[in-house]
Amino acid sequence: MKKQKVKTVMVGVGGYGASYLNYFEEGVLDWDMISLEGIVDPYAEKSHYYDMLKSRKIPVFTELSDFYREKDAQLAIISTPIYLHRSQCETALSNGSDVLCEKPLVCRLSDWEAIRQVEISSGKRVGVGFQWSFSQTMLSLKKDILSGIFGKPVRLKTLVCTTREDNYYRDSSWKGRLYDKNGNYVNDSIMANATAHYLHNIFFLMGQSIETSLLPEQITPELYRAKEIETYDTCFLKGVFSNQAETEFYYAVSHACTILKPPVFTYEFENAVIGLNDITNDSLVHARFPDGTEKIYGSPFTMEEESRKLKAMLDYITDGSVISCGAETVYPHVYMCDALSQIPVVNFPEDIKIKNSKGVFCPTLDSALYSCYEKTLLPSEFDKFDPAFSWAAKPKSLKIAAK
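Here the structure is a predicted model, which means the values were calculated and not measured. (Residues numbered from 1 in each chain as written. Predicted model: local features only at pLDDT ≥ 70, side-chain atom pairs only at ≥ 80, totals over all residues. Heavy atoms only, no water.)

A.B. asks: Talk me through the side chain of Arg-116; I want residue IDs and the actual numbers.
C.D. replies: Residue placement: Arg-116 occurs in helix α5 (residues 109–122). For Arg-116, a relative accessible area of 18% corresponds to the buried category. Of the polar contacts made by the side chain of Arg-116, one reaches the side chain of Glu-119; its length is 2.5 Å. Within the structure, the side chain of Arg-116 is placed 3.1 Å from the side chain of Glu-328, a separation counted as a polar contact. (Helix = DSSP H or I, 4+ residues; strand = E, 2+ residues; numbered from the N terminus. Buried < 20%, exposed > 50% of the residue type's maximum accessible area, 1.4 Å probe, protein only. Polar contact = N/O pair within 3.5 Å; in protein donor to acceptor, adjacent residues only side chain to side chain.)

A.B. asks: Can you tell me about the pattern of salt bridges, naming the residues and giving the values?
C.D. replies: Considering all chains together, one arrives at 24 salt bridges under this definition. Residue Glu-328 pairs with Arg-116 through a salt bridge whose shortest N-O separation is 3.1 Å. Here Arg-116 lies in helix α5 and Glu-328 lies in the loop between α11 (308–319) and α12 (331–340), a separation of 212 residues in the sequence. Across the pair Lys-399 and Glu-217 runs a salt bridge, and its minimum N-O distance is 3.8 Å. One end of the pair, Lys-399, is in strand β18 (residues 398–399); the other, Glu-217, is in the loop between α9 (196–205) and β8 (218–225), and 182 residues separate them in sequence. By relative accessible area, Lys-399 is classed as exposed at 60%. We classify Glu-217 as partly exposed; its relative accessible area is 30%. (Salt bridge = Lys/Arg side-chain N within 4 Å of Asp/Glu carboxyl O.)

A.B. asks: Go over the nonpolar core, please, and point to the residues and values.
C.D. replies: Met-10, Leu-105 and Met-336 are the most contacted members of the largest nonpolar core, which totals 105 residues. If near-sequence neighbours (up to four positions away) are discounted, Met-336 is found in contact with Met-191, Leu-199, Phe-203, Leu-215, Pro-216, Ile-219, Leu-237 and Ile-400. In terms of nonpolar packing, the next biggest core, distinct from the first, is built from 23 residues, Ala-252, Val-360, Leu-365 and Ala-368 among them. (Core = buried A, V, L, I, M, F, W, Y, C linked by side-chain atoms within 4.5 Å. Contact = heavy atoms within 4.5 Å.)

A.B. asks: Tell me what's going on with the pairing of strand β11 (residues 264–269), and back it up with residues and numbers.
C.D. replies: The buried fraction of β11 is high, at 5 of 6 residues. Here 6 bridges tie strand β7 (residues 153–161) to β11, and the two strands are oriented antiparallel to one another. Residue Pro-153 lies in a different strand from β11, and its bridge partner there is Phe-269. (Pairing = 2+ DSSP bridges.)

A.B. asks: Give me the lowdown on the pairing of strand β5 (residues 98–101), citing residues and values where you can.
C.D. replies: Residues Asp-98 and Leu-100 of β5 are buried on one face, and the alternating residues Val-99 and Cys-101, pointing to the opposite face, are buried as well. Summarising the sheet, strand β4 (residues 75–78) and β5 pair through 4 bridges and their orientation is parallel. When the bridges of β5 are listed, Leu-75 appears paired with Asp-98. With helix α4 (residues 85–94) bridging β4 and its parallel neighbour β5, the resulting β-α-β unit is right-handed. Pairing of β5 with strand β6 (residues 126–128) involves 3 bridges; the strand directions are parallel. Within β6, the position partnered with Val-99 by the bridge is Val-126. Following the backbone out of β5, through α5 and into the adjacent parallel β6, one traces a crossover that is right-handed. (Right-handed = clockwise from strand over helix to strand, strands pointing away.)

A.B. asks: Break down the packing of α9 against α12 for me, with residues and values.
C.D. replies: Between α9 and α12, the least distance of the axes is 9 Å, while the angle of their chain directions is 125°. Between α9 and α12, the crossing angle belongs to the class labelled oblique. As for how α9 packs across α12, the hand of that crossing is right-handed. When α9 is examined against α12, the residues Ala-196, Leu-199 and Phe-203 are found in contact with a partner set consisting of Pro-332, His-333 and Met-336. Residue composition of the contact of α9 with α12, grouped by class: 5 nonpolar, 1 polar and no charged. (Axes fitted to C-alpha atoms, helices over the stretch in contact; angles between N-to-C directions. Parallel < 35°, antiparallel > 145°, perpendicular 65-115°, else oblique. Left-handed = near helix turned anticlockwise from the far one by under 90°. Nonpolar A, V, L, I, M, F, W, Y, C, P; charged D, E, K, R; others polar.)

A.B. asks: Please give an account of helix α1 (residues 18–25) that cites residues and values.
C.D. replies: Counted residue by residue, α1 has 7 buried out of 8 residues, so it is predominantly covered. Positioned one or two residues after α1, Gly-27 has a phi angle of 80°, which is positive.

A.B. asks: For the sheet that holds β5, give the residues involved together with the corresponding values.
C.D. replies: Strands sit in the order β3-β2-β1-β4-β5-β6 across an open sheet of 6 strands; the sheet is parallel. Edge strands, defined here as strands with exactly one partner in the open sheet, are β3 (60–61) and β6. For strand β1 (residues 6–11) and β4, the ladder comprises 4 bridges, and the chain directions are parallel. Within the sheet, the bridge partner assigned to Met-10 lies in β4 and is Ile-77. Packed onto the sheet, α4 meets β1, β4, β5 and β6 and runs at close to 160° relative to β5.

Put into structure tokens, the structure is as follows:
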């Protein structure tokens, strides 16, 4: 039996918001799945898909409240700057729409709590666009983790070397800022936004059910900055979970390095090691067992996998399927955003920086990141006389308050 079209409003169709339209235009998702009731974007005419929207006679609104004065929607897809997420989620929920909001949901616990209150009172649901948490690759892996075939988790670690030219920050009114030019709280950082998927994935896979994540018990962060931004472009984070195994996690990311490599992770369990680009550079998730056998879960980077977040929300609306990444699921990530905003950021010394037409970079980070990852050490844990880590600052561990 053919499913009924889900009445949908898209909030933001420039930037990342265009990817949702791309799923349909590329045939990854079928236009018969939704009835696009309207677009909310004051700059919609700048979208790559504006002519297509006009040809389909999709009405365009400046504000989400304007849309709801004229129309209704079962689903609101929100792909806007971070500071708009709370108000737009609350507006959509209060007007009877379920929500798919891009990550990060918010970067402050008080905003998360406000959204949750409206979500509960409205009876509607918020899905958050951490696409790995909706992908078949990660959901299959998580089911196997929950089944116990890998044994207890020992250590989960991630490395992301994703250089960014300075115009990444310069051409935006909010990237790398604590507040935008109008005073709206943003708290955008490499951990909160650009590489948020990879930290959240650790918390997600540690959750005790498909829909849950696990908050660490303790973290030790080191935050650094090379670019002329308000937050940080380099983050090292070490922590431990208070689960039965007292599992460790490690996360190292930077925009200030000079190399661009696919994300790497190594998740160590008692009976297997699960890796992405740690041995093979095929962007496939491998589970490797001591007897030499492997199980390959696929790649979470394909367009089909990325589009599953939207399909999951449509399925939830039409038949009550599970939302594997909701507002509750992302609580640990929001907690980290809020907690790390209180940590002092250390500026890299001038003598390890280079400046060229593309921006400011720290070449020594290229090898330092890998050394830290391989040894599961923070920069401050290396010999202070090692010139490769002369810039390291002693961190302070934080005890995580139970929710």
